[in-house]
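# Examining the three-dimensional arrangement
If you want the building blocks of each chain, they are given just below.
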Amino acid sequence: MTPVRRNYYDDSYQRTLAATVLAVNGDWIELDQTIFYPLGGGQPGDTGVMTGPDGKTHKVLDTRKGDSSEQVKHQLDTQDHGLAPGDPVETAIDWERRYRHMRMHTCMHLLGALIPVPVTGGAVGAEKSRLDFDLGEHQIDKVDLTTRINALIAEAHPVVFGTITEAELDEQPELVRTMSVQPPRGAGDIRTVRVEGVDFQPCGGTHVNNTSEIGAVRVSKIENKGKRNRRVHLVFE
Ligand SMILES: [Zn+2]
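Residues numbered from 1 in each chain as written. Predicted model: local features only at pLDDT ≥ 70, side-chain atom pairs only at ≥ 80, totals over all residues. Heavy atoms only, no water.

All right, on to the domain arrangement of the protein then. Segmentation of the protein into domains returns domain 1 (5-93) and domain 2 (98-236). Of note, the centres of domain 1 and domain 2, computed from C-alpha atoms alone, are 28 Å apart. Domain 1 puts 12 residues into the contact, and the matching count from domain 2 is 16 residues. Taken together, both faces of the contact between domain 1 and domain 2 bury some 1100 Å²; the carbon and sulfur share is 46%. Considering only the surface of domain 1 that becomes buried against domain 2, Tyr9, Tyr13 and Gln43 emerge as the three largest contributors, covering 47% of it. Where domain 1 packs against domain 2, one counts 1 salt bridge. Here domain 1 is connected to domain 2 by 10 residue pairs in polar contact (both at pLDDT 80 or more). (Domains from an automatic or database assignment. Contact = heavy atoms within 4.5 Å. Buried area = accessible area lost by both parts, 1.4 Å probe. Salt bridge = Lys/Arg side-chain N within 4 Å of Asp/Glu carboxyl O. Polar contact = N/O pair within 3.5 Å; in protein donor to acceptor, adjacent residues only side chain to side chain.)

For the rest of this paragraph, the subject is the coordination of the zinc ion. Donor atoms from the polypeptide that bind the zinc ion are His105 (NE2), His109 (NE2) and Cys203 (SG), placed at 2.1 to 2.3 Å. Counting gaps between the donor residues of the zinc ion yields the pattern H-x3-H-x93-C. Taken together, the residues His109 in helix H2 (residues 95-114) and Cys203 in the loop between strand S13 (199-202) and strand S14 (217-224) connect sequence positions 94 residues apart. Relative accessible area serves as the criterion here: at 10%, His109 is assigned to the buried category. (Donors = N, O, S within 2.8 Å, 3.2 Å for Na, K, Ca; no water. Helix = DSSP H or I, 4+ residues; strand = E, 2+ residues; numbered from the N terminus. Buried < 20%, exposed > 50% of the residue type's maximum accessible area, 1.4 Å probe, protein only.)

Positive phi outside glycine occurs at Ala156, with the angle close to 55°. As for its placement among the helices and strands, Ala156 is situated in the loop between helix H3 (142-154) and strand S11 (159-164). Overall, Ala156 belongs to the partly exposed group, its relative accessible area being 31%.

Moving on, we come to the environment of Glu171. By the element assignment, Glu171 lies in the loop between helix H4 (166-170) and helix H5 (173-177). By relative accessible area, Glu171 is classed as exposed at 64%. Each C-alpha atom of the pair Glu171 and Gly226 lies 35 Å from the other, and the pair is 55 residues apart in sequence.

Put into structure tokens, the structure is as follows:
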């Protein structure tokens, strides 16, 4: 099984792509390459459209990883799509929704950088997002966080992507300690996302190229989730 070419890693701003059908399983379609991000790392799967060689356009309702994380499958709104392996298709993501996910995901990394304790969970959404922290004795405040996160956004920090090997990580335990999310092990090289001067994390999500693209946000609620844990909710202004 050759891994699908995941174009969203090369250029998360690509909105359309011509591809070839690799496999069909009912309403689920695999392609030789894709710009659709599959559900994972707290970020929803992309939606959009797929047009077959007969000119018919079908909605893509969801995108998921396949049996291996290097496979991506797209769920169409019908099983009656007529697509077969080898067919050329034109694809387009719902860019408005995806771009909001990108802005929110980068924003969640800023939030993680402002609260230097382990992250225990999170979810990125097009309207609102949340991040869970094992806060311990650390104190946080809604208004203070809102001010500081908007300052980081306005400072227009570039966001750069890279990969790091497990061996390189092992040589830098101090680097791993600064990561609010521990890097995955045993799956080869690890993709990294650096917000210049602010944050460095392992992450497989899609991001904006500069924090200024995020726009104004507001920490809307801090929820008590037990003795040590707090859930921080954030919305676009
Ligand atoms: Zn991330």
